[in-house]
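The residues making up each chain are set out below.
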Amino acid sequence: MPASQNLFDNVPAMMHSIDTTGAIVAVSQKWLDTLGYARAEVIGRKSSDFLTEDSRRYAIETVLPAFFASGVCTDIPYRLVAKDGRLLDVLLSANCQRNAQGEITGSIAVMQDVTTQQLAERRLKLSEAALKEAQSVAHIGSWILDRQNNELIWSDELFRILEIDPEIGASKDAFLARLHPDDRDEVKRAYRSSLTYRHAYEIRHRLLFPDGRIKYIHQRSEFPAEGTELPARSLGTLQDVTPAVLQEMAYQESEERFRTIADHTYNWEYWEGPSREILYVSPSCLRVTGYSQAEFIADPSLIQRIVFAEDQAGFAQHIEDADSQIECEVNFRIVRKDGEIRWIAHGCRAVTTSDGRSRGRRVSNRDISDLKNAEELASKLAHFDTLTGLPNRRMLQDRLWRAIAQAKRTQRPLAVMFLDLDRFKQINDTLGHDVGDQLLIEVGKRLSASVRECDMVARAGGDEFIIILPEITAPGDAAVVAGKFIAAIQRPMQIGQHSFAATASIGIAVRAGSDTDDAAEMMKKADIAMYQAKRAGRNAFRLFDEALA
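Here's a quick rundown of the structure. No experiment lies behind these values; they were computed from the predicted model shown.

Rules of the game
- Residues numbered from 1 in each chain as written.
- Predicted model: local features only at pLDDT ≥ 70, side-chain atom pairs only at ≥ 80, totals over all residues.
- Heavy atoms only, no water.
- Pairing = 2+ DSSP bridges.
- Helix = DSSP H or I, 4+ residues; strand = E, 2+ residues; numbered from the N terminus.
- Core = buried A, V, L, I, M, F, W, Y, C linked by side-chain atoms within 4.5 Å.
- Buried < 20%, exposed > 50% of the residue type's maximum accessible area, 1.4 Å probe, protein only.
- Contact = heavy atoms within 4.5 Å.
- Salt bridge = Lys/Arg side-chain N within 4 Å of Asp/Glu carboxyl O.
- Axes fitted to C-alpha atoms, helices over the stretch in contact; angles between N-to-C directions.
- Parallel < 35°, antiparallel > 145°, perpendicular 65-115°, else oblique.
- Nonpolar A, V, L, I, M, F, W, Y, C, P; charged D, E, K, R; others polar.
- Expected span 1.5 Å × (residues − 1).
- Polar contact = N/O pair within 3.5 Å; in protein donor to acceptor, adjacent residues only side chain to side chain.
- Lys, Arg positive; Asp, Glu negative; His and termini not counted.
- Patch = residues over 30% accessible without salt bridge, like charges linked within 9 Å, V, L, I, M, F, W, Y side chains within 5 Å.
- Areas by Shrake-Rupley, 256 points an atom, 1.4 Å probe, with all protein chains shown as cover.

### Brief notes about the pairing of strand S13 (residues 327–335)
A regular strand places its side chains so that they alternate between the two faces of the sheet.
At step 1: Taken together, the 9 bridges between S13 and strand S14 (residues 341–352) define a ladder with antiparallel strand orientation. What sits directly across from Ile334, in S14, is Arg342.
At step 2: Between S13 and S14, which pair antiparallel one after the other, the connecting turn spans 5 residues, and Gly339 there sits at a positive phi close to 95°.

Have a look at this one:
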């Protein structure tokens, strides 16, 4: 099992690591649970084996060339095939892993399952066509008029909508008496026109009750085809749409606003008016932020106040930019009502009416905390040693390159140390690898405590540590630090039931400000000096001496 596998298992996200052949070498439990595979069925197989044919072709032709060029990819849409044949939509982000020579050795990828969201979007695209058909069969109350016998029949539900006692009976006059006076002529014209031209009609109108209450009604009527004579019957439905209309009136000033709000059915969304007032906020705000809809609507500034302190300036700049842009996005952290910090992917879009008037902006906020945590872990795995938490060789190489560039600019000396624990193999063999691991962790802590904030202590592998000391005054400064290291390591250690003192051999390479040594040359010299210390009897340090090399 790879060293990073245990860390993968503790991540609440889908993650996998692949080698240069594309074979999976480590995978998170979340990945296995989501796709329904056992670990033995996955390790060693190509990651592309789990993609659909279209996603596999997209990866080969488009994604991978760009990925290998840049070393990173973000939110790539793929479709995976689960063991039971289910298709899952995911967004994949990945980082390349490289060795000390800069060669790609593999990659770590994080995936977010967006199957539900993708399904919701596909259904939303079909909803407009389905809505028209659904309206034709969504009968709440129904009526039939027999024109020959002048008999009118209402369903029980229609009596309820009109609030007329069934004992009184159905009548045209009773219905007309309920019509709002301002809508009465329009309803009559629609009915007469449909009768004359024999076409169905639909109309929305109001009912006015004696106590002043108003109901909003969607009415539909049609006439069965009966030859050339006037239809003998007409029939129709009345639907009480008052709750929907009142909500529409409360949250929207226009049909554009309704469509915009309806565009998004998940995540935390809100509609901000031209004066930054909150016109609408989705119920999911409670799940994401811990604050209710009422709290956001009553206090529009709450949205800015819950932004994490370190992200306030960036969010304020985003608000300023949003005033002059149609669409913009930003990621930031919020502090929930319960104090928990969450990452938010925030996107907003300006909304205008058909005549160009501003109606504020529509905002969608997606909680990406799990994804951010997984990305942070992936970055840590790529740049830090999993045992000690110290920078690894890859991060060391980058830091050394920058330190040499700085030394050239400042003309100040730079030192690199190679530190190797003496007889570490003997400790491993006699006391066990667990004790050896704890020793490495303790040594890393002691070394880190002995250097300046600008210095770097890295673990190169095994029992070998590398230290970079930028901007030292003279080579003797490095020797002083090396002496501190030896003294720190010699202090007694208690690991479990074992008490002992370790020793180390240290090699030092110093680059004067005017020298031309590159990173590889300095590492080579420090390594040679370390072996000189070993040959001198261990538990010592040596400065690189060209004469002894």
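### With respect to the nonpolar core
At step 1: Counting 31 residues, the largest nonpolar core has Met417, Leu419, Leu421, Leu439 and Phe485 as the members making the most contacts within it.
At step 2: At 6 residues, the largest contribution of residues to this core is made by helix H18 (residues 475–490).
At step 3: Leaving out residues up to four positions away in the same chain, Phe485 has contacts with Met417, Leu419, Leu447, Ser450, Val451, Ile467 and Ile506.
At step 4: Counting residues in each nonpolar core, the second largest holds 26 residues, with Leu35, Tyr37, Val42 and Leu51 among its members.

### Overview of the pattern of salt bridges
Charged atoms that come close allow side chains of opposite charge to pair.
At step 1: What the rule picks out here adds up to 33 salt bridges.
At step 2: The salt bridge involving Glu471 is made with Arg412; its shortest N-O contact spans 3.7 Å. Highlighted residues: Glu471 in the loop between strand S18 (464–469) and H18 and Arg412 in the loop between helix H15 (393–410) and strand S16 (414–421), separated in sequence by 59 residues.
At step 3: Owing to a relative accessible area of 27%, Glu471 belongs among the partly exposed residues under this scheme.
At step 4: On the basis of relative accessible area, Arg412 is assigned to the partly exposed category, the value being 31%.
At step 5: Through salt bridges with shared partners, a single ionic network connects Arg336, Asp338, Glu340, Arg342 and Asp367.

### Structural notes on unusual backbone geometry
At step 1: Look at Gln411: it is not a glycine, yet its phi comes out positive at around 60°.
At step 2: Mapped onto the elements of the fold, Gln411 is located in the loop between H15 and S16.
At step 3: Judged by its relative accessible area of 47%, Gln411 is partly exposed.
At step 4: Even without glycine at this site, Asn539 takes up a positive phi of about 50°.
At step 5: The class for Asn539 is partly exposed, based on a relative accessible area of 29%.

### Focus: the sheet that holds strand S5 (residues 104–113)
At step 1: Sheet architecture is open: 5 strands sit in the order S2-S1-S5-S4-S3, paired in antiparallel fashion. A strand with exactly one partner marks an edge of an open sheet, and here the two such strands are strand S2 (24–27) and strand S3 (72–81). When strand polarity is set aside, the average angle formed by the axes of neighbouring strands in this sheet is 30°.
At step 2: With 6 bridges connecting them, strand S1 (residues 14–19) and S5 associate as antiparallel partners. Residue pairing across strands places Asp19 opposite Gly106, the latter belonging to S5.
At step 3: Across the sheet, helix H14 (residues 369–383) is in contact with S1, S3, strand S4 (87–98) and S5; its angle to S5 comes to roughly 170°.

### Let's talk about the sheet that holds S14
At step 1: Spatially, 5 strands are ordered S12-S11-S15-S14-S13 in an open sheet, and the strand pairing comes out antiparallel. Of all strands in the sheet, those bounded by a partner on one side alone are strand S12 (278–281) and S13. Sheet twist, expressed as the mean angle between neighbouring strand axes with direction ignored, is 25°.
At step 2: Relative to strand S15 (residues 358–367), S14 is paired through 8 bridges, and the arrangement is antiparallel. For Thr352, the partnering residue across the bridge sits in S15 and is Ser358.

### Let's talk about the packing of helix H16 (residues 424–431) against helix H17 (residues 433–448)
At step 1: Running from N to C, H16 and H17 point in directions that differ by 140°, and their axes come no closer than 6 Å. In terms of their interaxial angle, H16 and H17 are classed as oblique. Of H17, the residues touching H16 (which contributes Phe424, Ile427, Asn428 and Leu431) are His433, Val435, Gly436, Leu439 and Leu440.
At step 2: Taken together, the residues that form the contact of H16 with H17 break down as 6 nonpolar, 3 polar and no charged.

### So, helix H19 (residues 519–535)
At step 1: Between its terminal C-alpha atoms H19 stretches 25 Å, which fits the 24 Å expected from 17 residues at 1.5 Å a residue.
At step 2: Taken together, the buried positions of H19 are occupied by Ala519, Met522, Met523, Lys525, Ala526, Ala529, Met530, Gln532, Ala533 and Lys534.
At step 3: For H19, the elements touching its buried residues are H15, S16, S18, strand S21 (504–511) and strand S22 (541–543).
At step 4: One side-chain oxygen at the N-terminal end of H19 lies 3.3 Å from the backbone nitrogen of Ala520; it belongs to Asp518.
At step 5: Directly beyond the C-terminal end of H19, a positive phi value near 115° is found at Gly537.

### Thoughts on the side chain of Arg178
At step 1: Checked against the element boundaries, Arg178 lands in helix H6 (residues 172–178).
At step 2: The side chain of Arg178 is buried and forms no salt bridge, while Glu163, the nearest opposite charge, is found at 5.7 Å.
At step 3: Polar contacts involving the side chain of Arg178 include one to the main-chain carbonyl oxygen of Glu163, which spans 3.2 Å.
At step 4: Ignoring sequence-local partners within four residues, the contact set of Arg178 consists of Leu162, Glu163, Ile164, Arg206, Leu207, Leu208, Phe209 and Pro210.

### Describing the environment of Leu469
At step 1: With respect to the helices, strands and loops of the structure, Leu469 is situated in strand S18.
At step 2: The spatial distance from the C-alpha of Leu469 to the C-alpha of Cys454 is 7.7 Å, given a sequence separation of 15 residues.
At step 3: Those residues within four positions of Leu469 in sequence are excluded, and the remaining contacts are Leu414, Ala415, Met417, Arg452, Asp455, Ala478 and Val481.

### Considering a nonpolar patch on the surface
At step 1: Among the surface-exposed residues, Ile60, Leu64 and Phe68 lie close enough to one another that they form a single nonpolar patch of about 280 Å² accessible area.
At step 2: Considering the arrangement of structural elements, one finds Phe68 in helix H3 (residues 53–70).

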